[in-house]
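# Overview (structure and organization)
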Amino acid sequence: MMDNPHRPWRARVVERIQESGTVFTLRLEFLDPEIRAGYRFAPGQFNMVYLYGVGEVAISIVSDPKDPTLLDHTIRTVGRVTNGISQLQAGDIIGLRGPYGRGWPMQEAEGRDVLVITGGLGCAPVVSVINYIAERRKQFGKLTILQGVKLPKDLIWRDRFERWIKEPNTEVLLAADKGDPSWPWHVGLVVELFDQMRLSDHTIVMMCGPEGMMRACVDELLLRQIPEHAIYLSMERNMQCALGQCGHCQYGADFVCRDGPVFSYKQIEPLFTHSGF
Amino acid sequence: MTHTLPPHFLPRDQLQQLFDNLQRSGHQIYGPQVRDGAIVYAPLKSTSALPQGVEDHHAPASYRLINNGSEHWFDWVSTAQGVKPLLFRPRETLWRATRDTTGAPHFEDPANSTEKLAIIGLRACDLAALRLQDRHFLSVNHSPDPFYAARRQHLFIIAINCTRAVESCFCSSTGDGPRCDPTAGFDIAMTELDSGFVITSATPQGRQVTKPLTLRSASKAECDEAAQHEANATRQVRAVPSQNMRDTLFNALDHPQWDKIASRCLSCGNCTSVCPSCFCYSEQSEAELDGSSSEQQREWDSCFTPGHSYMHGITLRHDTRLRYRQWLTHKFAGWHDQYGRSGCTGCGRCITWCPPGIDLTAELAILNRAGGETDDG
Ligand SMILES: Cc1cc2nc3c(=O)[nH]c(=O)nc-3n(C[C@H](O)[C@H](O)[C@H](O)COP(=O)(O)OP(=O)(O)OC[C@H]3O[C@@H](n4cnc5c(N)ncnc54)[C@H](O)[C@@H]3O)c2cc1C
Ligand code: SF4
Ligand code: SF4
Ligand code: FES
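In what follows, the accompanying structure is described.

What counts, and where the lines are drawn
Residues numbered from 1 in each chain as written. Chains lettered and ligands numbered in written order. Predicted model: local features only at pLDDT ≥ 70, side-chain atom pairs only at ≥ 80, totals over all residues. Heavy atoms only, no water. Contact = heavy atoms within 4.5 Å. Buried area = accessible area lost by both parts, 1.4 Å probe. Salt bridge = Lys/Arg side-chain N within 4 Å of Asp/Glu carboxyl O. Polar contact = N/O pair within 3.5 Å; in protein donor to acceptor, adjacent residues only side chain to side chain. Near = heavy atom within 4 Å. Nonpolar A, V, L, I, M, F, W, Y, C, P; charged D, E, K, R; others polar. Core = buried A, V, L, I, M, F, W, Y, C linked by side-chain atoms within 4.5 Å. Buried < 20%, exposed > 50% of the residue type's maximum accessible area, 1.4 Å probe, protein only. Helix = DSSP H or I, 4+ residues; strand = E, 2+ residues; numbered from the N terminus. Pairing = 2+ DSSP bridges. Axes fitted to C-alpha atoms, helices over the stretch in contact; angles between N-to-C directions.

In this section: the interface of chain A and chain B. Each partner contributes residues to the interface: chain A has 42 residues there, and chain B has 54 residues. Roughly 4,000 Å² is buried in total at the junction of chain A and chain B, and carbon and sulfur atoms are behind 57% of that figure. Sorting the residues of chain A by area buried against chain B places A:Tyr52, A:Gln245 and A:Phe277 first, and these three jointly supply 19% of that buried surface. For the pair chain A and chain B, the number of links is one salt bridge. Notably, a salt bridge pairs B:Asp109 with A:Arg7, separated by 2.6 Å at the nearest N-O pair. One can count 23 residue pairs in polar contact (both at pLDDT 80 or more) joining chain A with chain B.

In this section: the site of ligand 3. Surrounding ligand 3, one finds A:Gln250, B:Thr272, B:Cys278, B:Phe279, B:Cys280, B:Ser302, B:Cys303, B:Gln326, B:Trp327 and B:His330. When the residues that make up the shell around ligand 3 are grouped by side-chain class, the tally is five nonpolar, five polar and no charged.

Moving on, we come to the nonpolar core. Judged by nonpolar contacts, the single largest core of 96 residues is most densely connected at A:Ile117, A:Met207, B:Tyr324 and B:Trp327. For this core, the leading source of residues is helix α11 (residues 320-339) of chain B, giving seven residues. Residue contacts for A:Ile117: discarding those within four places in its chain leaves A:Val126, A:Leu146, A:Val190, A:Phe194, A:Val205, A:Met206, A:Met207, A:Cys208, A:Met213, A:Cys217 and A:Leu221.

Glancing now at the sheet that holds strand β5 (residues 71-76) of chain A. All names here are of chain A. Strand order across the open sheet formed by six strands is β4-β3-β6-β1-β2-β5, with antiparallel pairing between neighbours. Looking at which strands have only one partner, the edges of the open sheet turn out to be β4 (55-60) and β5. Strand-to-strand, the axes of this sheet are offset by a mean angle of 40°, without reference to chain direction. Sheet analysis places strand β3 (residues 46-51) next to strand β6 (residues 93-100), joined by four bridges and oriented antiparallel. In the sheet register, Met 48 faces β6, and the bridge partner there is Arg 97.

Time to look at the pattern of salt bridges. If charged atoms from side chains of opposite charge come close, those side chains can pair. According to the stated counting rule, one finds 37 salt bridges over all chains in the structure shown. Between A:Glu211 and A:Arg237 there is a salt bridge, and its shortest N-O distance comes to 2.7 Å. Residue A:Glu211 is located in helix α6 (residues 211-223), and its partner A:Arg237 is located in the loop between β12 (231-234) and β13 (250-251); the two are separated by 26 residues in the primary sequence. Looking at A:Arg237, the relative accessible area reads 6%, which means it is buried. A salt bridge links B:Asp259 to B:Arg321, with the nearest nitrogen and oxygen atoms 3.7 Å apart. Linking B:Asp259 in helix α9 (residues 257-262) with B:Arg321 in helix α11, this pair joins segments that are 62 residues apart in sequence. Take B:Asp259: its relative accessible area is 47%, and that puts it in the partly exposed class.

Shown next as structure tokens:
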């Protein structure tokens, strides 16, 4: 066989968990024992998931890196490929290749307060961070989670949020654009939650979500004296190859699949305020 | 290590022997030929297929061939399409998924190319562009592409020094031509004279192919004549304002000129497809109707297509202004960060083949002016 970085390996769906109406988690395992044994990943990295005859999509790995043999992928059904993938059941075989990209700065975050911001319809990439810190609570300072959703029903893992709220040294602030009687938290935008919290000067920020939301949050953070290099964002762009080759994910001079998806704000600041890149 | 021997002289009637030597060593030769009124690379065996006395004349959105009655085979300057499609195929299979009786997919590689290509006709701008594609597809920073690598590995290159420039050329200003530098990456380079060629070999393969011809050294008169012809090619009417436009362009993202260009640009993507350095491709899964197998194929793509910047629910570059800005800022700014130089080698193809005749050197000159002045003020 040639050394073909495009070709996926076979992987089995070990378990399928329905998280909400349109969100599900696939727990995947490589079939080839050698691939399984050699595979390592970091939170924030992603895999390319291939569905026979339909295509490949970029999906973050949300499970804990301490077990690199079982890989959880939480997926929202939005279009052609994700729709097909949502039909899979435990035991089905798919294609999987990765891990790709640079993940979250977990080492740099050790000993510091961590602010995690997510928006839109809930965001898989930062879930890996929350899970990672929850598993290693003593290595990190205060954990603050800001999450914004459009509607209360869009909040997946409500039970987990309710559990995290009770954790020591952890604060969870939630906002929904529109509230309803089941929503005890803030009604409005994520940025409005900033007034409810205090940021220490050794805070590191990790965020993902719609770029408009991230822009608004970066503005708030800079106003609050958080330095540019302490703010990290996970970017999303069209991805075809994940190998730094097909050119689709270019963000200025960076290839999001290789130089990202996680960037420090300092690195992407020159383009971040311009749309169209 | 490249080591250029002093130039030799190849009589016109011995070019065929050089072709024969290449074919004997298993090479398939591609050379310039006239097809549908344009010079393109196509397979050939004999020098009789070369375009004799054919000159190309270029201008923005204009291309025509004329016959000048000469015996020369290389009086044309630029092929309509460079060598890009011979190495980075417009469409190719990356891998195949076959299903077993349980429906589970298995993944296999397609047969990779074992073909040995020899291409005659590359100009200095084409060699420079080939080095750019090499950087991209063979980069160790990301995974080298096995398909590009297989074709590139066996490629034998006969470069031709330009003896004319056409109206769209500007390789002098990008620093890539018109003369083929000994380190430019050719095996053999030739300058055409009436009676034959002043020829140099830069690689062991090059010397191996020319050795059986027992060529004599080129005389001083022949070398002088070659240098004179080569000097003709330095007379170029276009130029980039600077070899490094990186900061200028990244600081001009809101320049009003982008709107002016967008009012003329058709977003057709001709420029990216003729550009010898553009590398974008998209992938498709092509399933057999019987459900037994599916091929993962890649196909050239362009940042001028809506799909290039599509993410579920949005097209980031939803208008021509953003697409043209992507093309120009990638080519002349992003490339510097990615590969340490601009992505343009001054071949001029995108000027010739742009239907509304947009001239990127003129656009760069306007974008280079401070204060956001456009062409009419
Ligand atoms: C680094 C990264 C990590 C991601 N992690 C997750 C995750 O953990 N969970 C999740 O649900 N989604 C994730 N996404 C988004 C996911 O890749 C898209 O939702 C998915 O590609 C949509 O494919 P589709 O065929 O269902 O949609 P369609 O709208 O039919 O899209 C057609 C094609 O366009 C491309 N495309 C469309 N949207 C995107 C997009 N947002 N990003 C990249 N390519 C796209 C894909 O090639 C896709 O097959 C991630 C994207 C990136 C770039
Ligand atoms: S940008 Fe135009 S002139 Fe420059 S290399 Fe590409 S096609 Fe040639
Ligand atoms: S982004 Fe555009 S300009 Fe850059 S390589 Fe791709 S098609 Fe060419
Ligand atoms: S996804 Fe192809 S270059 Fe990044």
